[in-house]
Amino acid sequence: GRLPQADKVIDQVRALYPKEPWPWWVRFYLYAMTGRGAAASAMLEANPTMHGQPELARMWRASLPAVDQPTPANLAKARDACIAGAKQSGDLASQGVQILSALGQADPAFEIAEGYLLSRGPLVQQGQAGTNQPNATAGWRISTQWMFTPAATAMRADPRFLPLCQGVGLTDYWRSRGVRPDYMKRQA
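One structure accompanies this document, and this report is about it. (Residues numbered from 1 in each chain as written. Predicted model: local features only at pLDDT ≥ 70, side-chain atom pairs only at ≥ 80, totals over all residues. Heavy atoms only, no water.)

**With respect to the overall build of the chain**
Per the secondary structure count, the chain includes twelve helices and zero strands. Walking the chain from its N terminus toward its C terminus, one meets helices and strands in the order α-α-α-α-α-α-α-α-α-α-α-α. Sequence-distant contacts, at least 24 apart, represent 55% of the contacts inside the chain between residues at least 6 apart. A total of about 10000 Å² of accessible surface is found on the chain, and carbon and sulfur atoms cover 55% of it. (Helix = DSSP H or I, 4+ residues; strand = E, 2+ residues; numbered from the N terminus. Contact = heavy atoms within 4.5 Å. Areas by Shrake-Rupley, 256 points an atom, 1.4 Å probe, with all protein chains shown as cover.)

Okay, here's the thing in structure tokens:
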């Protein structure tokens, strides 16, 4: 919730590490997920393959117009791109869930998440030969940090989120550790 401070920090990091892809990505992601789609698009046009990830760039290129103009047509293009990406790789699936959640598209976001994390539903991730994206390995499926990003806030507010957490074993982990996740603390 402190966007000016986040902007300042990532700009400082980018100045320190101008050739590193990670600060570029964080700046791009901040623009894309905070309603600044045109700024994210400009960054993407200056780096059209997103540091060697053309599939990810293609998905974002189709999704960014919906950030600034969430018309039914733009939302449909974003949804189609995220679903297509989710069928290719785990990284694209997790990005697609965040994009769709941020755009208020909970149903397709949950379809992707359930296919990717639980191997259930119409969007079970298959991986695609010839891409440089990792396939849906157990390692990718246990990386659930993206479920707790600000972009996924709408998903966490949805009643389907807790069953998703149960399905991947997070609720068992929380119970065994005697902890309550931050997102639940804010609801209390």
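**A word on the nonpolar core**
Ranked by internal contacts, the top residues of the largest apolar core, which has 47 residues, are Phe-28, Met-50, Trp-60 and Ile-112. If one sorts the elements of this core by residue count, helix 7 (residues 106–118) sits on top with seven residues. (Core = buried A, V, L, I, M, F, W, Y, C linked by side-chain atoms within 4.5 Å. Buried < 20%, exposed > 50% of the residue type's maximum accessible area, 1.4 Å probe, protein only.)

**Observations regarding helix 6 (residues 90–102)**
In this model helix 6 runs 18 Å from its N-terminal to its C-terminal C-alpha over 13 residues, within 8% of the 18 Å that 1.5 Å per residue would give. Counting buried positions along helix 6 yields twelve of 13 residues, so the element is predominantly enclosed. Turning to helix 6, its buried residues are Gly-90, Asp-91, Leu-92, Ala-93, Ser-94, Gln-95, Gly-96, Val-97, Gln-98, Ile-99, Leu-100 and Ser-101. (Expected span 1.5 Å × (residues − 1).)

**Re the environment of Ile-10**
As for its position among the elements, Ile-10 is in helix 1 (residues 3–16). A sequence separation of 13 residues divides Ile-10 from Pro-23, and the C-alpha atoms of the two residues are 6.7 Å apart. Apart from residues lying up to four places away in sequence, Ile-10 is in contact with Pro-23, Val-26, Arg-27 and Leu-30.

**A few points about unusual backbone geometry**
In this structure, Met-50 takes a positive phi of about 50° despite not being glycine. Turning to its location among the elements, Met-50 is positioned in the loop between helix 3 (37–46) and helix 4 (54–68). Located in the positive-phi region is Ser-119, a residue other than glycine, with phi close to 50°. Within the secondary structure, Ser-119 is located in the loop between helix 7 and helix 8 (138–141).

**Here's the deal with the environment of Gly-96**
Examined against the element boundaries, Gly-96 turns out to sit in helix 6. The spatial distance from the C-alpha of Gly-96 to the C-alpha of Asp-80 is 9.9 Å, given a sequence separation of 16 residues. Not counting chain neighbours up to four residues away, the residues in contact with Gly-96 comprise Met-59, Cys-82 and Ile-112.

**A closer look at the pattern of salt bridges**
The final tally for this structure, using the stated rule, is eight salt bridges. Here Arg-27 and Asp-7 are joined by a salt bridge, their closest N and O atoms 2.9 Å apart. On the criterion of sequence distance, the pair formed by Arg-27 in helix 2 (residues 21–33) and Asp-7 in helix 1 is long-range, its members being 20 residues apart. With respect to burial, Arg-27 and Asp-7 carry one shared label: buried. With a closest N to O distance of 2.9 Å, Arg-36 and Asp-7 form a salt bridge. Here the residue Arg-36 occupies a position in the loop between helix 2 and helix 3, and Asp-7 occupies one in helix 1, the gap between them amounting to 29 residues. Overall, the relative accessible area of 16% leaves Asp-7 in the buried class. Each member of the salt-bridge network shares a partner with another, and the members are Asp-7, Asp-11, Arg-27 and Arg-36. (Salt bridge = Lys/Arg side-chain N within 4 Å of Asp/Glu carboxyl O.)

As far as function goes, none of this settles anything; it's purely spatial.
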